[in-house]
Amino acid sequence: MASESRTTAVPPEMANFVVGLIGMGDMGKMYARRLSDAGWRIMACDKEDKYEGLVDEFAQNSNVQILRNGHLVSRASNYIIYSVEAASIGRVVAQFGPSTRLGAIVGGQTSCKDPEIKAFEEHLPSDVDIVSCHSLHGPGVDPAGQPLVLIKHRASDESLAKVEAVFRCLKSKVVHLTAREHDRITADTQAVTHAAFLSMGKAWHATTQFPWEGARYVGGIENVKINLMLRIYAQKWHVYAGLAILNPEAHKQINQFARSTTELYYLMLEGRHDELRDRVYAAKEKVFGAEGSPKWATKPLLQEAVLCQFTLGGSKAQPPSAANSKKPNNHLSLLAMVDCWSALGIVPFDHMICSTPLFRLWLGVTEHLFRTPGLLDECIRVGVDDNTFRRDDLQFTIAACGWAECVSLRQFDTWRERFEVTQRFFEDRFEAAKEVGNAMIKAVLASSEE
Ligand SMILES: NC(=O)C1=CN([C@@H]2O[C@H](COP(=O)(O)OP(=O)(O)OC[C@H]3O[C@@H](n4cnc5c(N)ncnc54)[C@H](OP(=O)(O)O)[C@@H]3O)[C@@H](O)[C@H]2O)C=CC1
Ligand SMILES: O=C(O)C(=O)Cc1ccc(O)cc1
């Protein structure tokens, strides 16, 4: 669309306001497109070697001006958003921060706020206000209705109001938090959720299987596991490494998830049915409330039936309608998640205000498992009596411990290698998974709004 024909969402008193974007990767481009479509003037850059490519890409968009580097963006913009890799934020702000225009506002889009805020405090001139942001969804998701965290770290009310005016066109749900609150909540909602899906991918890779091709991973819960695992492995490695390794609050959660997985697996392996049952039910009570006074809403977060159709399989082992050929599974990953929340005193429903689509699906299937009569007892029985999933669960446990160790040792390079080798194993299916995953998320969001 030519920008000249756009209607504008820019208030008259902000007609000359320029939004700067440093980092034009997936999120930076998403902001550039959406804000410029709403009438905001954008000045943006990526690394200098991408200058020509970006100029070509945005040539038709007269509201977006591509500059050669962050110095030029910083000097010319009123609100500058750093949208670079979390691990680079210190270096990039050190480089461009001192060029920030007098009296400007600065923020960042990185998924973990501790290093970002430290970098701003260290390198920005004292006349600059700091209002950071975080859209809690990936670049391909419509921001309307999704949470957008705003952090008024060092700013006047007037600066905050300007930032709110800029983001209003996204139609996201604004959540005001401190940087510390943000990191604590996203450690619970994102980092530990990703640890579960990353471990599933590793386990299926280690046992060289594409789970959608076999007959064991059939049904709504399995579709969520498979589609979200693929969705994560289809992304850039640094997004997940950054929010796990750099978030000081996340290490404890990821470590506890590995411990919960290992301890539940031991109980299954050693046939200690009653201990396993006691532990799972104690965790259920702590996380989901006692019998008769549950913490979940009357209406379940999601209907498993809605999820059954979103299978990547269908051509081989099972037709898409084969919901009733579901195989009972012990769902070690889901039991471990609830055990982990219980051990850390986390009530996941408290975080819904700040949740990603992926977290809502994960919590939704977990809730489904724990609130559907008979399902939890079936898991416990399968966990003890049935060897069908033993190997996969062993690999899942090894993977969960591997990720936890890698995170606690802050091993970015190892993290990357672990991620990319499994990414290559699954890459042929990313396109299909993206389509099915998007449709699944859309259907679940629609059914939860009914
Ligand atoms: N992807 C997602 O789902 C979400 C990501 N985020 C966060 O947003 C941030 C950006 O993520 P995303 O867009 O996905 O990542 P991308 O890797 O797609 O984008 C980051 C961009 O910043 C560029 N960059 C690095 N250093 C500089 C520099 N000195 N000057 C200018 N540009 C630079 C990178 O170049 P190069 O690749 O060459 O290093 C890259 O193009 C991350 O911190 C991420 O954690 C937040 C919400 C969702
Ligand atoms: O929904 C998720 O957890 C995602 O995987 C997408 C994502 C990744 C990084 C973020 O900082 C926010 C959202």
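Residues numbered from 1 in each chain as written. Chains lettered and ligands numbered in written order. Predicted model: local features only at pLDDT ≥ 70, side-chain atom pairs only at ≥ 80, totals over all residues. Heavy atoms only, no water.

- An unreviewed UniProt entry lists the chain under the name Prephenate dehydrogenase [NADP(+)], from Podospora appendiculata.
- Taken from UniProt, the Sequence similarities (unreviewed entry) comment for the chain reads in full: "Belongs to the prephenate/arogenate dehydrogenase family."
- Of the chain, the UniProt comment under Pathway (unreviewed entry) reads exactly: "Amino-acid biosynthesis; L-tyrosine biosynthesis; (4-hydroxyphenyl)pyruvate from prephenate (NADP(+) route): step 1/1." (UniProt positions renumbered as here; feature names shortened; annotations may be inferred.)

A short note on the UniProt feature "domain: Prephenate/arogenate dehydrogenase" (unreviewed entry) in the chain
So, step 1. Feature annotation in UniProt places "domain: Prephenate/arogenate dehydrogenase" (unreviewed entry) on residues 17-298, given in this structure's numbering.
So, step 2. Taken end to end, residues 17-298 is 51% helix and 16% strand, and its first and last C-alpha atoms sit 46 Å apart. (Helix = DSSP H or I, 4+ residues; strand = E, 2+ residues; numbered from the N terminus.)

Topic: the packing of helix α5 (residues 113-123) against helix α7 (residues 179-206)
The angle between the axes and the distance between the axes are what describe a pair of packed helices.
So, step 1. It is the contact of α5 with α7, at a shortest axis distance of 9 Å, that shows an interaxial angle of 160 degrees. The pairing of α5 with α7 is recorded here as roughly antiparallel in orientation. The residues of α7 that touch α5, namely those facing Lys 113, Asp 114 and Ile 117, are Ala 179, His 182 and Asp 183.
So, step 2. Of the residues in the contact of α5 with α7, the class split is two nonpolar, one polar and three charged. (Axes fitted to C-alpha atoms, helices over the stretch in contact; angles between N-to-C directions. Parallel < 35°, antiparallel > 145°, perpendicular 65-115°, else oblique. Contact = heavy atoms within 4.5 Å. Nonpolar A, V, L, I, M, F, W, Y, C, P; charged D, E, K, R; others polar.)

Quick notes on the site of ligand 2
So, step 1. As a matter of local geometry, ligand 2 sits amid Ser 111, His 134, Ser 135, His 137, Gly 138, Gln 190, His 194, Val 239, Tyr 240, Leu 243, Thr 356 and Leu 358.
So, step 2. Gln 190 is positioned with one of its side-chain polar atoms (N or O) 3.4 Å from an oxygen atom of ligand 2.
So, step 3. Side-chain polar atom of Thr 356 to an oxygen atom of ligand 2: 3.1 Å apart, as the coordinates give it.
So, step 4. Starting from 340 Å² of accessible surface for ligand 2 in isolation, the protein chains cover 91%.
So, step 5. Residue assignment for the shell around ligand 2 shows that the elements contributing at least two residues are β6 (129-135), α7 and α9 (237-245).
So, step 6. Residue contributions to the shell around ligand 2 peak at three residues, all from α9.
So, step 7. In the shell around ligand 2, the residues fall into four nonpolar, eight polar and no charged. (Near = heavy atom within 4 Å. Polar contact = N/O pair within 3.5 Å; in protein donor to acceptor, adjacent residues only side chain to side chain. Areas by Shrake-Rupley, 256 points an atom, 1.4 Å probe, with all protein chains shown as cover.)

Some points on the domain arrangement of the chain
So, step 1. The domains assigned to the chain are domain 1 (2-177) and domain 2 (181-449).
So, step 2. A separation of 33 Å is found between the C-alpha centroids of domain 1 and domain 2.
So, step 3. The interface of domain 1 with domain 2 comprises 20 residues on the first partner and 23 residues on the second.
So, step 4. Carbon and sulfur atoms make up 66% of the surface buried where domain 1 meets domain 2, a total of about 1700 Å² over both sides. (Domains from an automatic or database assignment. Buried area = accessible area lost by both parts, 1.4 Å probe.)

Here's the deal with the sheet that holds β6
So, step 1. The strand order across the open sheet built from eight strands is β3-β2-β1-β4-β5-β6-β7-β8, with neighbouring strands paired in mixed fashion. Edge positions in the sheet fall to β3 (64-66) and β8 (173-176), since each has one partner strand and no second. Neighbouring strand axes in the sheet, compared pairwise and without regard to direction, differ in orientation by 25 degrees on average.
So, step 2. Pairing of strand β1 (residues 18-22) with strand β2 (residues 41-45) involves five bridges; the strand directions are parallel. Within β2, the residue paired with Val 19 across the bridge is Ile 42.
So, step 3. Docked against the sheet, helix α1 (residues 26-37) engages β1, β2, β3, β4 (79-82), β6 and β7 (147-154), running at close to 165 degrees with respect to β1.
So, step 4. Contacts from helix α6 (residues 157-167) reach β1, β4, β5 (105-108), β6, β7 and β8, with the element oriented near 160 degrees to β7. (Pairing = 2+ DSSP bridges.)

Considerations on the pairing of β1
So, step 1. Of all five residues that make up β1, five are buried, and the element is covered over most of its length.
So, step 2. Here β1 shows a buried face lined by Val 18, Gly 20 and Ile 22 and a second buried face lined by Val 19 and Leu 21. (Buried < 20%, exposed > 50% of the residue type's maximum accessible area, 1.4 Å probe, protein only.)

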